[in-house]
Amino acid sequence: MIPSRIGAAVAVALLTVAVRLYPVLELGNHGPDFENYRQMGAATLRGDDVYATHPLFPYAPYSQVIPALCVGLADTIGLPFQVLLKLVNLAGDTLLAAVLVLALWGRAGPRSAVVWSLAFALNPVSVLVSSFHGNLMELVPVFVGLALAAGEASRDAAPRARASLVAAAAILLGVAVALRSFPLLLIPAFAFWLASTARGRAAFAALALAPAAFSAVPYLLWSRPDFLKEVLSYSGAADIGWLAALRGIPLLLRDLKLFSFGAGLLGPSKALFLLAWAVSVAALPILGPRGCRRAALLPPLLFVGLYGGVAAQYLVWGIPIAVVSQDRWLAAYSLLATAAMGAHYVAFHPAILLATPPATPVEGPLSHAVLVLANGALAAFCCVWSVRIVREESGAASPAARRLLASGALLAALILAVLVARGAAEVARALSVVVVPAPARGGVPGS
Amino acid sequence: MARWILVAAAFVAFLPAVPSWWIAWRYHRIPTQEAGVLARVHETAPGAPPLTGAEAVGAAPDGTWFVADWALRHVVAVRPPAPGRWLPAEGRFLPRVDTVGRLHLLDVDSGVLYRFTPEGRLDRRVAVAPPNASPLFCLAPDGRLLVAAGGVIRRFREELAGLDPSWGPPPHAVPARATVGLAASAERVYAASRDGTVSVYSPSGDLVGRQPLVGNAGALDAGPDGRILLADNPTGRVFVLDREGRTVGRLVSPEGTAPAPTAADLGSTADRRLAVAAGRSLVLLALPAELP
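What counts and what doesn't
- Residues numbered from 1 in each chain as written.
- Chains lettered and ligands numbered in written order.
- Predicted model: local features only at pLDDT ≥ 70, side-chain atom pairs only at ≥ 80, totals over all residues.
- Heavy atoms only, no water.
- Axes fitted to C-alpha atoms, helices over the stretch in contact; angles between N-to-C directions.
- Helix = DSSP H or I, 4+ residues; strand = E, 2+ residues; numbered from the N terminus.
- Parallel < 35°, antiparallel > 145°, perpendicular 65-115°, else oblique.
- Contact = heavy atoms within 4.5 Å.
- Nonpolar A, V, L, I, M, F, W, Y, C, P; charged D, E, K, R; others polar.
- 1 Å grid on protein atoms, 1.4 Å probe; cavity = no way out; pocket = protein on both sides within 12 Å on 5 of 7 lines; lining within 4 Å.
- Points joined across faces, edges and corners; volume = space filled by probe spheres on them.
- Buried < 20%, exposed > 50% of the residue type's maximum accessible area, 1.4 Å probe, protein only.
- Pairing = 2+ DSSP bridges.
- Domains from an automatic or database assignment.
- Core = buried A, V, L, I, M, F, W, Y, C linked by side-chain atoms within 4.5 Å.
- Buried area = accessible area lost by both parts, 1.4 Å probe.
- Salt bridge = Lys/Arg side-chain N within 4 Å of Asp/Glu carboxyl O.
- Polar contact = N/O pair within 3.5 Å; in protein donor to acceptor, adjacent residues only side chain to side chain.

Student: Report on the packing of helix H10 (residues 198–222) of chain A against helix H11 (residues 224–231) of chain A, specifying residues and quantitative values.
Tutor: Residue and element names in this part refer to chain A. Relative to each other, H10 and H11 sit at 120°, their axes nearing to 6 Å. On the basis of the axis angle, H10 is oblique to H11. Each of Ala216, Tyr219, Leu220, Leu221 and Trp222 in H10 lies in contact with H11, whose residues at this interface are Arg224, Phe227 and Leu228. Considered class by class, the residues forming the contact of H10 with H11 number 7 nonpolar, no polar and 1 charged.

Student: Explain the layout of surface pockets to me, and be specific about the residues and the numbers.
Tutor: Where empty space is left in the structure can be found by rolling a water-sized probe over the atoms. Of the volumes computed, that of the largest pocket is approximately 1100 Å³. Around the largest pocket sit 44 residues that line it, and B:Val180, B:Arg194, B:Ala217, B:Gly218 and B:Asn233 are the ones nearest its centre. Elements represented by at least two residues in the lining of the largest pocket include exactly helix H2 (34–45) and helix H3 (65–77) of chain A together with strand E7 (93–97), strand E11 (136–139) and strand E15 (179–184) of chain B. Per-element accounting of the lining of the largest pocket gives the leading share, 7 residues, to H2(A). Of the residues assigned to the lining of the largest pocket, the class counts are 21 nonpolar, 12 polar and 11 charged.

Student: Tell me about the pairing of strand E20 (residues 228–232) of chain B, and please be specific about residues and values.
Tutor: Residue and element names in this part refer to chain B. With 5 of its 5 residues buried, E20 lies for the most part within the structure. Neither face of E20 is open: one carries Ile228, Leu230 and Asp232, the other Leu229 and Ala231, and all of them are buried. Taken together, the 3 bridges between strand E19 (residues 220–222) and E20 define a ladder with antiparallel strand orientation. Bridge assignment links Leu220 to a residue of E20, and that residue is Leu230. What sits between the antiparallel neighbours E19 and E20 is a turn of 5 residues, in which Asp225 has the positive phi angle 60°. Of the strand pairs in this sheet, E20 and strand E21 (residues 237–241) are connected by 5 bridges, and their pairing is antiparallel.

Student: Provide a residue-level description of the domain arrangement of chain B, including the pertinent values.
Tutor: Domain annotation of chain B identifies domain 1 (1–30) and domain 2 (33–286). The straight-line distance from the C-alpha centre of domain 1 of chain B to that of domain 2 of chain B is 42 Å.

Student: Give me the lowdown on the nonpolar core, citing residues and values where you can.
Tutor: Of all hydrophobic cores here, the largest spans 143 residues; its most connected members are A:Val144, A:Phe190, A:Phe204, A:Leu315, A:Tyr333, A:Leu378 and A:Trp385. Broken down by element, this core gets its largest block of residues, 12 residues, from helix H8 (residues 159–180) of chain A. Residues contacting A:Phe204, with those up to four places away along its chain left out, are A:Val166, A:Ala169, A:Ala170, A:Leu173, A:Ile187, A:Phe190, A:Ala191 and A:Leu194. Counting 42 residues, the second-largest nonpolar core is a separate cluster that includes B:Ala68, B:Val112, B:Leu136 and B:Val189.

Student: Could you give an account of the interface of chain A and chain B, naming the residues involved and the relevant values?
Tutor: Each partner contributes to the interface: chain A provides 32 residues, whereas chain B provides 30 residues. Counting each side, the surface lost to burial between chain A and chain B is near 2800 Å², with a carbon and sulfur contribution of 70%. On the chain A side of the interface with chain B, the three residues burying the most area are A:Arg46, A:Phe214 and A:Trp222, jointly 25% of the side's total. The tally of links from chain A across to chain B stands at 1 salt bridge. For B:Arg237, the salt bridge goes to A:Asp48, with nearest N and O atoms at 2.6 Å. Where chain A meets chain B, there are 7 residue pairs in polar contact (both at pLDDT 80 or more). Among the secondary structure elements, those contributing two or more residues to the side of chain A that touches chain B are H8, H10 and H11 of chain A. Its residues assigned to classes, the side of chain A that touches chain B comprises 20 nonpolar, 7 polar and 5 charged.

Student: Got a sec to walk through the domain arrangement of chain A? Specific residues and values, please.
Tutor: All names here are of chain A. Parsing chain A into structural domains produces domain 1 (1–233) and domain 2 (235–432). If you average the C-alpha positions of domain 1 and of domain 2, the two centres end up 22 Å apart. Across the contact, 46 residues belong to domain 1 and 42 residues belong to domain 2. Taking both sides of the interface into account, the surface hidden between domain 1 and domain 2 amounts to around 3700 Å²; carbon and sulfur atoms contribute 77%. Taken together, the connections running from domain 1 to domain 2 amount to 1 salt bridge. Ionic pairing is found between Arg293 and Glu152, a salt bridge with its closest N-O pair at 2.5 Å.

Following this line, the structure appears as structure tokens:
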């Protein structure tokens, strides 16, 4: 049994490398994030304060060493910086794919373990983020997935081993928090899943916060103004989700590309998302351990479904949770997310998909239609999936609690409808602007 | 096995954070001194456009600042609170003023240097760099002109009478790659390079040292107290370098942040005022009584 388990893990790992290697080496290497990463890495190498250099880095300083190592290595061995950065993602993806096989083998059976691991290894969302885009956000699902695997292993372990594995799960989730902050929102679900007492949950949360806190303390002590200014400044952009769908309408109808859209809706939609997340946390006690593990999907789903400032790379961080939960809705999510990401890249960052930046636009009416429809459908799907998870996992709860949750969902839907209406009004305003074409060079209007 | 997984997780979680402590501590140890903001100049004169692309600044001994706006392609002379005066010269210039008050304007596109008398009359016009070589220049305290262009630094004799043969071996062009900042004191010449270092040369053009920079390499100015001021353009920070080019200090706003939004160029005066060209504004700062 063991050789076949290891063999399957190795095979899935090799497949993970195989589908990513060509884009890692050849595609997307002129993408928009690399210069930012390079400057960050160079600043870290020379001992500069990354937060004082305004690098669009609103996270804990933990991950600043990754671009720095890549810059140093690129200068030393001559490999392109972009490729080295993507190889970090590739290494993470490969490790996670193999670990998922091992983690699911006993519980789900060999066939399911391989199939579900492939749902991550071959997932186009993950491939796009890690190997085309080269965004380090890919490391978030890797560490979330490793934390899930450690948590799964702890369920059947002896008491002492169980304590070690739960602590490892907390620390691995903490690495994800240290990398990109947002997995902070997963801590309650993980804590309720893996710890049964309030003290245990508090200890889990403390461990999960420790890596980010450990790396951030020196900046809080000695560079507070720049650190806080950078960490609290970022609100995202309307790239993916319901606001992106609205932003795409002028593009579809009038070929009008709005680079600034919906800024006034980011704040309210963030509040709505946080409110919905708080309700989902309040519901954790009635979900049971298995339900809590699956409820870890709620933050990423509510984020995409309700928040207006979602960047494309955020679509990846819920995937390992769906894999470990063996939630079949992952297939539809992946399809919609891939379409939304692809259309976004085609319209706004085509260099991510190609070997060299295109000389002429590669977008057209079809990609614009996909942009609108896929983003709208993705946001709606994430909301529905969230409701489904809560409904299925709260089956044992009292009718009153279920009614309360349903009321919360209805209220969120109502607020979202108001926000969408406000966004639609902004679209109408954008469409009502009369664009006067510039006269041809040397010509006089009306002549 | 479980314990090893925990050890590995802890290793991954905490080891990469250790450099954060080291970097933050070293950066924190760079002494900071507050530079009070005297004025932020955006409007130039009634009816005239405001600054939109202030990329270079030169300080005159009489307290006038010559600001080159590369977006508007003109130079404006400002001396707050009096209204500014736009000069007729058109182009993208680097302004510098010598100790007797003569304005030097280097056209960065053509490489031609124009020198004006203190009364404003054009008295010299010399090509000091090839066209489109993105040249930089500075004036040594003795009035001699140094120009960095095409990967070398050249020095001109007094009164711009040809290349200075006492600067480096023939052909009197000292190699200096990717120079983005140039300044000269009585004893040294400093060149900041895009590779993140500052090179220090003797008056005869010998390389006497090279130091790594903490901030982004940018424009340099020979400030008071024998210190060199470095403009970190993207961040608006101003670093203080010692005679050897080592980073020994940083000027900060009263809030502890960078004193300007950006810092494309800077110029200081003997009475301890500093001007930072920051795109849409010129930020005038009061230098502390003694630089670090």
